[in-house]
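Geometric and topological summary
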Amino acid sequence: MLKAMQLHISPSLRHVTVLPAKGFKEFIKVKVGSKRLSYRMVFYCLLFLTFLFRFVFVLTAIDTIDGERKCSTLGCLGKKFGPRILGKRLESTVPEVIYRVLEEPSDQTDTQTRPESPQTLEEFIAEMKDGRPDAKTFAVKLKAMVTQLEERTRTAKIQEYLYRHVASSSIPKQLHCLALKLAHEHSTNSNARLQLPSPELVPTLVDNSYFHFVLASDNILAASVVASSLMRNFIRPEKIVLHIITDRKTYAPMQAWFSLHPLTPAVIEVKGLHHFDWFTKGRVPVMEAMEKDQKARSQFRGGSSAIVANKTEKPKIIAAKLQALSPKYNSLMNHIRIHLPELFPSLDKIVFLDDDIVIQTDLSPLWDIDMNGKVNGAVETCRGEDKYVMSKRFKSYLNFSHPLIAEHFDPSECAWAYGMNIFDLEEWRKTNISRTYYYWLQQNLKSDLSLWQLGTLPPGLIAFHGHVHTIDPFWHMLGLGYQDNTTLAEAQSAGVIHFNGRAKPWLDIAFPQLRPLWTKYVNFSDKLIKSCHILK
């Protein structure tokens, strides 16, 4: 049993003594000599009492606001601290009517046309202060305002996605200018029509002692950045062979650029798809699939206006559908990688590069990676510090509500990245990867494009299933084209950075803090670059 104690406080408040006493009265007794009582003691006592009264007042006011019943100061203190001392949780004092109003289904038409709904938080607070409404009216007003603001936010987000879709799908005037000027150079300047590579270097194109890279692109400026960043960071640039594949309309300007801007000692080859014998020998599955895919998308999607007009789908779903309309996803340049073994029958291993990457390190160590019999060396995208970018699994790309997908694949399986891939062509030729890819393209067309939403990665995940060797994330940093959470220092620490997404570095919608990593490889003093007003 606890004994009572005596509390002795010195007049100067410098000494406090606690001694046992006989009873409760003795316990609370404070002895202060009247002769030693000073003004300082009085001041400190008044200061302490002022703080105590304000503390009690605040607790009492909060208790009165929370509930409709009033209570005494001691009662409020007991109600506040009693349950906490005993280890019990306080029950919510929010009136039940507020929960009922907030949980009721919203009437979209009513909330949009109701003129008295507050438009801002300031208006809402002023209206509540003036009207002093009851709990139900308060909840109704609050719900109307929040619902209206949510709808406005949704509309603004969809408009943002639409504008980004238009900006990323259009060819910038500067890039169009560059292509036209290079086409003119090709037709009037013999130096722009040089054979690439020169005749004495043609044997290197099939020499497996060289480091072979493949770049498929119809963007001349983007291809020049990939090539420049590759060569400038390579320890042995004289051992680089870069195979650039483009379409018929871009072939002449692309050849003119690399003829007028040689990257010696690297070996550069520029070929159009029409130059490959394999493409002229008959039916090419991926080209047939593309033709059907374009026709089906034009009928099934209904265009961007129909997508944006949808009032029920979430903005992210609408963004995905808009991105599916992007010309990139209907371009043969995006599908060509699935036929690399046929396009380069003499090569054993290559590194495939997208045109929206920047290389920041020597890539020759990629040839030293033991692929353990796998075909595709790629970075996994389900593990990493950036949860927004590195959290992609099969369920992120494939529609597992479709029985055909659910039957064959695991939704939690880790996805991997296209953009910088090591392909062992020898091992690839032993598989049926290309046929599997084409089969699933056909299945997607038969199902009205319901197996996946967009792009070449979803069928790639399927075709290379079981044939992927995981490489270190250092070799491929993703997401610089659709989020700006990556800092400049983080991006600079990666071997290869990828501007995947709509905010390409050659567009005005690029993230300004990341764009210098790309523009550093553009020679803005070049006369062609200057004449087309391509700016940093």
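Attention here is on the structure that accompanies the text. All values derive from a computational prediction rather than experimental measurement.

Rules behind the numbers
Per chain, residue numbering runs from 1 following the sequence as it is written. Local features in this predicted model are restricted to residues whose pLDDT is 70 or higher, and side-chain atom pairs enter the listing and the counts only when it is 80 or higher, whereas totals over whole chains, interfaces and linings include all residues. As a rule here, side-chain values come from all non-hydrogen atoms in the structure, and water together with hydrogens is ignored. Here a helix means four or more residues in a row that DSSP labels H or I, a strand means two or more in a row labelled E, and each is numbered from the N terminus. Exposure is judged per residue with a 1.4 Å probe applied to protein chains only, and the accessible area is read against the type maximum: over 50% gives exposed, under 20% gives buried, and values in between give partly exposed. Contact between two residues is taken to exist if any of their heavy atoms lie within 4.5 Å; hydrogens are not considered. All accessible-area figures derive from a Shrake-Rupley calculation using a 1.4 Å probe, and residue coverage is judged against the displayed protein chains alone. Here, a strand pair is defined by DSSP locating no fewer than two bridges between the strands. Working convention: axes come from line fits to C-alpha atoms, limited for helices to the stretch in contact. Angles between N-to-C directions cover 0 to 180 degrees. Take the number of residues in a helix, subtract one, and multiply by 1.5 Å to get its expected span. Two N or O atoms form a polar contact when they lie within 3.5 Å of each other; inside protein one atom must be a possible hydrogen donor and the other a possible acceptor, and for residues adjacent in sequence the pair counts only when both atoms belong to side chains. We call a pair of cysteine sulfur atoms a disulfide whenever their separation is within 2.5 Å. Salt bridge, as used here, is a side-chain nitrogen of Lys or Arg placed within 4 Å of a carboxyl oxygen of Asp or Glu. Throughout, the term roughly parallel applies to angles under 35 degrees, roughly antiparallel to angles over 145, roughly perpendicular to angles from 65 to 115, and oblique to all others. Amino acid classes used here: Ala, Val, Leu, Ile, Met, Phe, Trp, Tyr, Cys and Pro are nonpolar; Asp, Glu, Lys and Arg are charged; the rest, including Gly, are polar. For the purposes of this section, nonpolar cores are sets of buried Ala, Val, Leu, Ile, Met, Phe, Trp, Tyr and Cys residues that join through side-chain atoms within 4.5 Å. For Phe, Tyr and Trp, rings pair up if their centres lie within 6.5 Å, where Trp contributes its six-membered ring, and each pair is then called stacked (planes under 30 degrees apart), edge-to-face (over 60) or tilted (otherwise). Think of it this way: Lys and Arg go in the positive column, Asp and Glu in the negative one, and His and the chain ends go nowhere.

Check the secondary structure of the protein and you find 24 helices and 11 strands. Among the 536 residues that make up the protein, the fraction classed as buried is 45%. Across the protein, every contact between residues at least 6 apart in sequence was considered, and the portion connecting residues at least 24 apart equals 70%. Looking at the protein as shown, the accessible area adds up to about 29700 Å², and 57% of this sits on carbon and sulfur atoms.

Pairing between sheet strands relies on hydrogen bonds along the backbone, with the strands arranged either parallel or antiparallel. On the basis of which strands lie adjacent, the open sheet formed by seven strands has the order 5-4-3-6-9-8-10 and mixed pairing. A single partner strand is all that each edge strand has here, and the edge strands are strand 5 (267-272) and strand 10 (468-470). The mean angle between the axes of side-by-side strands here comes to 25°, regardless of whether they run parallel or antiparallel. Sheet topology places strand 8 (residues 376-378) next to strand 10; three bridges connect them, and they run parallel.

A word on helix 9 (residues 220-233). It helps to recall that an α-helix has 3.6 residues per turn; residues three or four apart then point in one direction. Over its 14 residues, helix 9 runs 20 Å from end to end, which matches the ideal 20 Å to within 8%, given 1.5 Å per residue. Most of helix 9 sits inside the fold, with 12 of its 14 residues counted as buried. Residues of helix 9 that are buried include every one of Ile-220, Leu-221, Ala-222, Ala-223, Ser-224, Val-225, Val-226, Ala-227, Ser-228, Ser-229, Leu-230 and Met-231, and no others. Between a side-chain oxygen at the N-terminus of helix 9 and the backbone nitrogen of Leu-221 the separation is 3.3 Å; the capping residue is Asn-219.

Here a disulfide denotes one covalent bond, and it connects the sulfur atoms of two cysteines. Under the counting rule described, the total for this entry stands at two disulfides. Each disulfide pairs two cysteine sulfurs, and for Cys-177 the partner residue is Cys-532, the sulfurs being separated by 2.2 Å. Taking the sign of the S-S torsion, about -80° here, the bridge from Cys-177 to Cys-532 comes out left-handed. Linking Cys-177 in helix 8 (residues 173-188) with Cys-532 in the segment after helix 24 (527-531), this pair joins segments that are 355 residues apart in sequence. Comparing Cys-177 with Cys-532 shows no difference in burial state: the two are buried. Here Cys-382 engages in a disulfide with Cys-414; their sulfurs sit 2.0 Å apart. On the sign convention where negative means left-handed, the S-S torsion of about -110° between Cys-382 and Cys-414 marks this disulfide as left-handed. Of the two residues, Cys-382 is situated in the loop between strand 8 and helix 17 (394-397) and Cys-414 in the loop between helix 18 (403-408) and strand 9 (420-424); the sequence distance between them amounts to 32 residues. The buried category is assigned to Cys-382, whose relative accessible area is 10%.

Pairing of side chains with opposite charge becomes possible as their charged atoms draw close. Scanning the model with the defined rule gives five salt bridges in all. Ionic pairing is found between Asp-247 and Lys-249, a salt bridge with its closest N-O pair at 3.5 Å. The class for Lys-249 is exposed, based on a relative accessible area of 63%. A salt bridge links Arg-383 to Glu-380; the nearest nitrogen and oxygen atoms lie 2.3 Å apart. Residue Glu-380 is classed as partly exposed on the basis of its relative accessible area, which comes to 23%.

Attention now goes to the packing of helix 8 against helix 10 (residues 248-260). Running from N to C, helix 8 and helix 10 cross one another at 75°; their axes reach a closest spacing of 8 Å. Considered as vectors, helix 8 and helix 10 are oriented roughly perpendicular to each other. Here Leu-178, Ala-179, Leu-182, Ala-183, Glu-185 and His-186 of helix 8 lie close against helix 10, whose contacting residues are Ala-252, Pro-253, Gln-255, Ala-256, Trp-257 and Leu-260. Partitioning the contact of helix 8 with helix 10 into residue classes produces nine nonpolar, two polar and one charged.

With that settled, consider the pairing of strand 4 (residues 240-246). In terms of burial, strand 4 is a largely internal element, seven of the seven residues being buried. Alternating residues of strand 4 divide into Ile-240, Leu-242, Ile-244 and Thr-246 and Val-241, His-243 and Ile-245, and every residue in both groups is buried. Pairing geometry for strand 3 (residues 211-216) and strand 4, over six bridges, is parallel. For Ala-216, the partnering residue across the bridge sits in strand 4 and is Ile-245.

Here the bond from Leu-196 into Pro-197 is cis, since omega is -5°, no more than 30 degrees from zero. Pro-265 follows Thr-264 through a cis peptide bond whose omega is 10°. By secondary structure assignment, the location of Pro-265 is in the loop between helix 10 and strand 5. One non-glycine residue, Asn-372, lies in positive phi territory at about 55°. Here Asn-372 shows up in the loop between strand 7 (357-359) and strand 8. With relative accessibility at 53%, the residue Asn-372 sits in the exposed group.

Grouped together as the largest cluster of nonpolar side chains are 69 residues, with contacts concentrated most on Phe-213, Phe-258 and Leu-363. With nine residues, the single largest contributor to this core is helix 9. The residues contacting Phe-258, other than those within four sequence positions of it, are Leu-196, Ala-223, Ser-224, Ala-227, Ile-244, Leu-263, Ile-268 and Val-270. Of all hydrophobic cores here, the second largest spans 39 residues; its members include Leu-273, Leu-332, Ala-378 and Ala-463.

Once that is clear, we can look at the packing of aromatic side chains. Applying the stated rule across the entire model yields 15 aromatic pairs. Here the aromatic rings of Phe-213 and Phe-234 are separated by 6.0 Å at their centres, their planes lie at 90°, and the arrangement is edge-to-face. One end of the pair, Phe-213, is in strand 3; the other, Phe-234, is in the loop between helix 9 and strand 4, with 21 residues separating them in the sequence. When sorted by exposure, Phe-213 lands in the same class as Phe-234, which is buried. For the ring pair Trp-428 and Phe-464, a centre distance of 5.2 Å and an interplane angle of 70° mean the geometry is edge-to-face.

So, about the environment of Pro-172. Along the chain, Pro-172 falls in the loop between helix 7 (135-169) and helix 8. Judged by relative accessible area, which is 19%, Pro-172 ranks as buried. Here the alpha-carbon distance between Pro-172 and Leu-507, two residues 335 residues apart in the chain, equals 7.2 Å. When sequence neighbours within four positions are dropped, the list of residues in contact with Pro-172 reads Trp-506 and Leu-507.

Turning to the side chain of Asp-424, a few remarks are in order. Secondary-structure assignment places Asp-424 in strand 9. No salt bridge forms around the buried Asp-424; measuring N to O, its nearest opposite-charge neighbour Lys-349 is 5.2 Å away. Polar side-chain contacts of Asp-424 include one of 3.2 Å to the backbone nitrogen of Glu-426. Within the structure, Asp-424 has its side chain in polar contact with the backbone nitrogen of Glu-427 (distance 3.2 Å).

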